[in-house]
Structures are given as C-alpha cells and as structure tokens.
Amino acid sequence: MKIAIIGTGNLGSSIAKGLIKNKSFTSLYLSDKNTAAVSVFSDEDYVTVTHDNELAVKESDILIFALQPRHIDKVLQSVSSSITSYHVVMSVAAGFEISRIESILGKDKNIIRIMPNTAISIGKSMTCLSANNQGQSKIELAKKIFNQLGTTMVIPEEQIQAATVICASGIAFWMRLVRATTQGAIQLGFEAEEAHQLALQTCYGAASLLKESGRHPEAEIDRVTTPSGCTIEGLNEMEHQGLSSSLIKGITASFEKINQIKKS
Ligand SMILES: NC(=O)C1=CN([C@@H]2O[C@H](COP(=O)(O)OP(=O)(O)OC[C@H]3O[C@@H](n4cnc5c(N)ncnc54)[C@H](O)[C@@H]3O)[C@@H](O)[C@H]2O)C=CC1
Ligand SMILES: O=C(O)[C@@H]1CCC=N1
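Everything quoted here is computed from the prediction, not taken from an experiment. (Residues numbered from 1 in each chain as written. Chains lettered and ligands numbered in written order. Predicted model: local features only at pLDDT ≥ 70, side-chain atom pairs only at ≥ 80, totals over all residues. Heavy atoms only, no water.)

Trainee: Is there a simple way to explain the UniProt feature "domain: Pyrroline-5-carboxylate reductase catalytic N-terminal" (unreviewed entry) in the protein in this structure?
Mentor: Taking the UniProt record as the reference, the feature "domain: Pyrroline-5-carboxylate reductase catalytic N-terminal" (unreviewed entry) is found at residues 2–95. For the annotated span residues 2–95, helix accounts for 32% and strand for 23% of the residues, and the straight-line distance between the end C-alpha atoms is 27 Å. (UniProt positions renumbered as here; feature names shortened; annotations may be inferred. Helix = DSSP H or I, 4+ residues; strand = E, 2+ residues; numbered from the N terminus.)

Have a look at this one:
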C-alpha cells in the first residue's frame, strides 16, 4: 500500500499519525506547502515528508487529499496529468462533491469521498465513505485502510454532508459537552483537574455501555433515574432549558452551513 497524504494540516496529520501508529503502508508520502505539522515523522521508516505534491502522486497508489475546500480545486488541477486510472483518489474536503472532482480528473478515475474525524490519530475514527461509479471496486480497499483506524460506514454521497456534521463536527460538539460537565463539577467544588477526569471517565463509560450492551440510551437512563431522585430532577431541568432541542438545532444549523459551502 503506497499512500500519499496531500495536505497535512489538522486532519491530514491526524490520518498520518494513525497510519504510522499502525504501520499500515509500504510507503507514505506526506506532502504540504508547510510541512511543520508532520516534520516529526520524517525519520520514520518508509515515510517521506515533502513539499512536492507531484512527486507524492507519482510515487503512490492511494492519494488522500486533505485540503480545505478553497484549495482543493487548484491542487487537483496541478497534479491531474499525473493521476492515472490505477490511482485511488480520496478526498476529505467538506462539501466538495465527487462530480467536481470528476470534472477535474475525469469520470474514469477511482474517486472516493471519505469523511473521518480527528480521532483517526488514535485509531478511533468514525469514517464514512462514498465512491463514484469507477471507484466502487476500490471501496473494500478503502474500508480495509480506515477500519484499521476506527470504524467505517459506506453511505450514499447525498448523506456525506450529514455525516460530516454528526461525525467530524461531532468531535467538537462532544468536547463542548465534556467541558460544560467539567465546569459544572468545578462549581460543585472539585479542582479543575479532578473535574476533568470525572467528566471524561463518565463520558467514556457512557459511550462504552452503549457500545458493549447494544442497548438504547433511554434504557440506560432508566437504570440511573431513581424515582424522585436527583438524576431525573437534573435531567428534566436540562430538558426544560432545551438540552436536546439545542443539540438538534445546532446539528441542523451546522448542516445548513455545510450545504452553503457545497454551493460556493
Ligand atoms: N478538521 C477536521 O476535523 C475535519 C476536516 N475535514 C475537512 O478536511 C479538510 C482539511 O481540513 P483541516 O485539516 O482542518 O485543514 P488545514 O488547513 O489544517 O490543513 C490543510 C493543509 O493543506 C495545506 N495546503 C494548502 N494548499 C496546499 C498546496 N497547494 N499544496 C500542498 N498543501 C497545501 C495547508 O498548508 C494545510 O496544512 C477540509 O476540507 C475540511 O473540510 C473533514 C473532516 C474533519
Ligand atoms: O468545520 C468544518 O467546516 C470542517 C468540516 C468538518 C470538520 N471541520
């Protein structure tokens, strides 16, 4: 597996970290006009850090374009003559549709839109995938790569925007919930460090319970809410203040915004 990551900022470097941790490549090119985020990897076996996108494309089979939507057009155009039908072209650019990539590279290229999140750096990403017609035969290969770095789900391209909000932006949403819980714990008298640890382990426990039991969140809530107890008192107050509603409204606002990015 000869992989190149073009664009090694927040997400590109997170993918690089995950791949390097797993040693899941025969060669890895990390290409960026500013290689600061990945220069630490230049001593790793079979890893090349470069400013030369063209070189990275020519030396690799699997190309992961981790660029901002406003840059990806230009970069794809600049390397298009080196991209062949043997390459598998993957793009993480939010809102940048497969048809736009096909209009630059041609419909005969294997193109897969991937939407991981930053937890890919520790092998815990939720990565959604969607391929063009030509790329359907490469989807198993893509799943193989990203299953080593978390979990994958193949979805229709129409759902990639929604998946971006839930899974990629979702990391930020969950972080804010952890932080708010920490602030509550500090108000109740814990030191900041202790508060953070309490919030984090409880969050981890809640997610693990759902994952391992397969039960519905409300079934787990029923097990915690003692009649007339403190949990239901707090939960109902949170709902009076609009907890579920504000989360759903935030998710839909984020979705509206990503659909605007798609049109721009
Ligand atoms: N940050 C996140 O959690 C997620 C981001 N995304 C998407 O991933 C993409 C990248 O996002 P970030 O990593 O946050 O952006 P970023 O700005 O941190 O990284 C982009 C990188 O591209 C490089 N770059 C720009 N022009 C270049 C060129 N001509 N040649 C080589 N490198 C060039 C920049 O120097 C930068 O390091 C975006 O399209 C975003 O929508 C998707 C899922 C999650
Ligand atoms: O905020 C953004 O637009 C990008 C896409 C999902 C995560 N970061």
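Trainee: What should I look at first to understand the site of ligand 1 in this one?
Mentor: In the neighbourhood of ligand 1, 21 residues make up the surrounding shell, with Asn-10, Leu-11, Asp-32, Leu-67 and Gln-68 lying closest. One of the side-chain nitrogen or oxygen atoms of Gln-68 is found 2.7 Å away from an oxygen atom of ligand 1. For ligand 1, whose unbound accessible area comes to 830 Å², protein coverage reaches 79%. Mapping ligand 1 onto the cavity grids shows that it belongs to the second largest pocket. (Near = heavy atom within 4 Å. Polar contact = N/O pair within 3.5 Å; in protein donor to acceptor, adjacent residues only side chain to side chain. Areas by Shrake-Rupley, 256 points an atom, 1.4 Å probe, with all protein chains shown as cover. 1 Å grid on protein atoms, 1.4 Å probe; cavity = no way out; pocket = protein on both sides within 12 Å on 5 of 7 lines; lining within 4 Å. Sits in = over half its atoms within 2 Å of the grid points.)

Trainee: How should I be thinking about the domain arrangement of the protein in this particular structure?
Mentor: Many structure descriptions define interface size as the accessible area lost when the parts assemble. Assigned domains of the protein: these are domain 1 (2–155) and domain 2 (164–263). The gap between the C-alpha centroids of domain 1 and domain 2 is 31 Å. Carbon and sulfur atoms supply 66% of the area buried between domain 1 and domain 2, which totals about 760 Å² over both sides. Among the residues of domain 1 in contact with domain 2, Gly-95, Met-115 and Asn-117 are the three that bury the most area, contributing 42% of the side total. Inspection of the region where domain 1 meets domain 2 yields 0 salt bridges. (Domains from an automatic or database assignment. Buried area = accessible area lost by both parts, 1.4 Å probe. Salt bridge = Lys/Arg side-chain N within 4 Å of Asp/Glu carboxyl O.)

Trainee: Before we go on, may I ask you to explain the site of ligand 2 in this structure?
Mentor: The local shell around ligand 2 consists of Ala-94, Thr-164, Ala-168 and Ser-169. With the chains in place, 44% of the 240 Å² that ligand 2 exposes on its own is no longer accessible. Partitioned by chemical class, the residues of the shell around ligand 2 number 2 nonpolar, 2 polar and no charged. (Nonpolar A, V, L, I, M, F, W, Y, C, P; charged D, E, K, R; others polar.)

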